[in-house]
Amino acid sequence: QEKVQQSPESLIVPEGAMSSLNCTFSNSASQSIWWYQQHPGKGPEALISIFSNGNKKEGRLTVYLNRASLHVSLHIRDSQPSDSAVYLCAVGNNRIFFGDGTQLVVKP
Amino acid sequence: NAGVIQTPRHKVTGKGQEATLWCEPISGHSAVFWYRQTIVQGLEFLTYFRNQAPIDDSGMPKERFSAQMPNQSHSTLKIQSTQPQDSAVYLCASSRDRSSAETLYFGSGTRLTVL
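Structural notes, computed from the coordinates. In this text, all values refer to a predicted model and were calculated from it rather than measured experimentally.

**Thoughts on the environment of Val 106 of chain A**
- Turning to its location among the elements, Val 106 of chain A is positioned in strand β11 (residues 102-107).
- Among all residues touching Val 106 of chain A, those that are not within four sequence positions of it are Val 13, Pro 14, Glu 15, Ser 79, Gln 80, Pro 81, Asp 83 and Ser 84 of chain A.

Next up, the structure:
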């Protein structure tokens, strides 16, 4: 069973700052690695995925994957109050395992 | 596209009663997943279907939980003899296919409260 751990549990940043979230997983053979965003009362929504070592950039989001160290990170440039949410790291193949999330608060 | 639709949004049952939760996946999606979310356990996988066939139910508590997908437009999760520890948000998700790495599209969930 895949084990997914996220840090920090919570993160408070000022508007305009960079937000950095971390995730470690236990199985280097896991094919799919995703970041999801969840707002209160809603289901998770996929933000960005990465499958190969290296980095991937989409808009204000950049994700870095290092399979050797079983680590993936998400960086949100120019964080906005609307980015305030729980961010979930998801890893797996057919069965996807989720971490417990990082609560991000962006203060105006 | 209305997204994944889950009904009801909230359900309150007494201990020992039955609860049935409904999910309508996105039209054209062939894989349907059920997850349970609590503060303590986070997001836990329960079961999934591909093309209406049950593929993996390894996350389902064995005795009181069952899931079905009688047709491609809906799936149900039934909990018999509900217990207070079943209280959680139950989330349904669908994806185009599960043979490759596809995005999961989640509904807003059903919040089950067992008194």
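Back to the text.
**Some remarks on the pairing of strand β1 (residues 4-7) of chain A**
Residues and elements named next belong to chain A.
- Side-chain alternation along β1 places Val 4 and Gln 6 on a buried face and Gln 5 and Ser 7 on a face that remains uncovered.
- Pairing analysis gives four bridges linking β1 to strand β3 (residues 19-25), with the strands arranged antiparallel. Counterpart to Ser 7 in the pairing with β3 is Asn 22.

**Observations regarding the pairing of strand β8 (residues 74-79) of chain B**
Residues and elements named next belong to chain B.
- The element β8 is extensively covered by neighbouring structure, given that five of its six residues are classed as buried.
- Where strand β3 (residues 19-24) meets β8, five bridges bridge the pair, whose relative direction is antiparallel. Residue pairing for β8: Trp 22 is matched across the bridge by Thr 76.
- In the sheet, strand β7 (residues 65-71) pairs with β8 via five bridges, with the strands oriented antiparallel. Paired with Gln 68 across the bridge in β8 is Thr 76.
- The turn joining β7 and β8, which pair antiparallel and follow one another in sequence, is formed by two residues.

**A look at the state of the cysteines**
- Throughout the structure, instances matching the rule amount to two disulfides over all chains.
- Between Cys 23 of chain A and Cys 89 of chain A runs a disulfide, and the two sulfur atoms are separated by 2.1 Å. A torsion of -75° about the S-S bond marks the disulfide between Cys 23 of chain A and Cys 89 of chain A as left-handed. Linking Cys 23 of chain A in strand β3 with Cys 89 of chain A in strand β9 (residues 85-92), this pair joins segments that are 66 residues apart in sequence. Summarising the burial analysis for this pair, Cys 23 of chain A and Cys 89 of chain A share the class buried.
- Linked covalently through their sulfurs, Cys 23 of chain B and Cys 92 of chain B form a disulfide whose S-S length is 1.9 Å.

**Let's talk about the interface of chain A and chain B**
- Opposite the 17 residues of chain A that make contact, chain B presents 21 residues.
- Summing both sides of the interface, chain A and chain B together bury roughly 1,500 Å²; the carbon and sulfur share of this comes to 49%.
- Sorting the residues of chain A by area buried against chain B places Asn 94, Arg 95 and Phe 98 of chain A first, and these three jointly supply 35% of that buried surface.
- Between chain A and chain B we count six residue pairs in polar contact (both at pLDDT 80 or more) in total.
- Elements with a contribution of two residues or more to the side of chain A that touches chain B: β4 (32-38) and β10 (96-98) of chain A.
- Looking at which element gives the most residues to the side of chain A that touches chain B, the answer is β4 of chain A, with four residues.
- Looking at side-chain class alone, the side of chain A that touches chain B contains eight nonpolar, six polar and three charged residues.

**Brief notes about the sheet that holds β1 of chain A**
Residue and element names in this part refer to chain A.
- If you walk across this open sheet you meet the five strands as β1-β3-β8-β7-β6, and the pairing is antiparallel. Every other strand in the sheet has two partners, leaving β1 and β6 (54-58) as the edge strands with one partner each. The mean angle between the axes of side-by-side strands here comes to 15°, regardless of whether they run parallel or antiparallel.

**Observations regarding the pattern of salt bridges**
Residue and element names in this part refer to chain A.
- Evaluation of the coordinates by the stated rule reveals five salt bridges over all chains.
- Ionic pairing is found between Asp 83 and Arg 60, a salt bridge with its closest N-O pair at 2.9 Å. Here Asp 83, found in the loop between β8 (71-76) and β9, pairs with Arg 60, found in the loop between β6 and β7 (61-66); they are 23 residues apart in sequence, far enough to count as distant.
- Classification of Arg 60 by relative accessible area gives partly exposed; the value is 28%.

Cut-offs used in this document
Residues numbered from 1 in each chain as written. Chains lettered and ligands numbered in written order. Predicted model: local features only at pLDDT ≥ 70, side-chain atom pairs only at ≥ 80, totals over all residues. Heavy atoms only, no water. Helix = DSSP H or I, 4+ residues; strand = E, 2+ residues; numbered from the N terminus. Contact = heavy atoms within 4.5 Å. Buried < 20%, exposed > 50% of the residue type's maximum accessible area, 1.4 Å probe, protein only. Pairing = 2+ DSSP bridges. Disulfide = S-S within 2.5 Å. Buried area = accessible area lost by both parts, 1.4 Å probe. Polar contact = N/O pair within 3.5 Å; in protein donor to acceptor, adjacent residues only side chain to side chain. Nonpolar A, V, L, I, M, F, W, Y, C, P; charged D, E, K, R; others polar. Axes fitted to C-alpha atoms, helices over the stretch in contact; angles between N-to-C directions. Salt bridge = Lys/Arg side-chain N within 4 Å of Asp/Glu carboxyl O.

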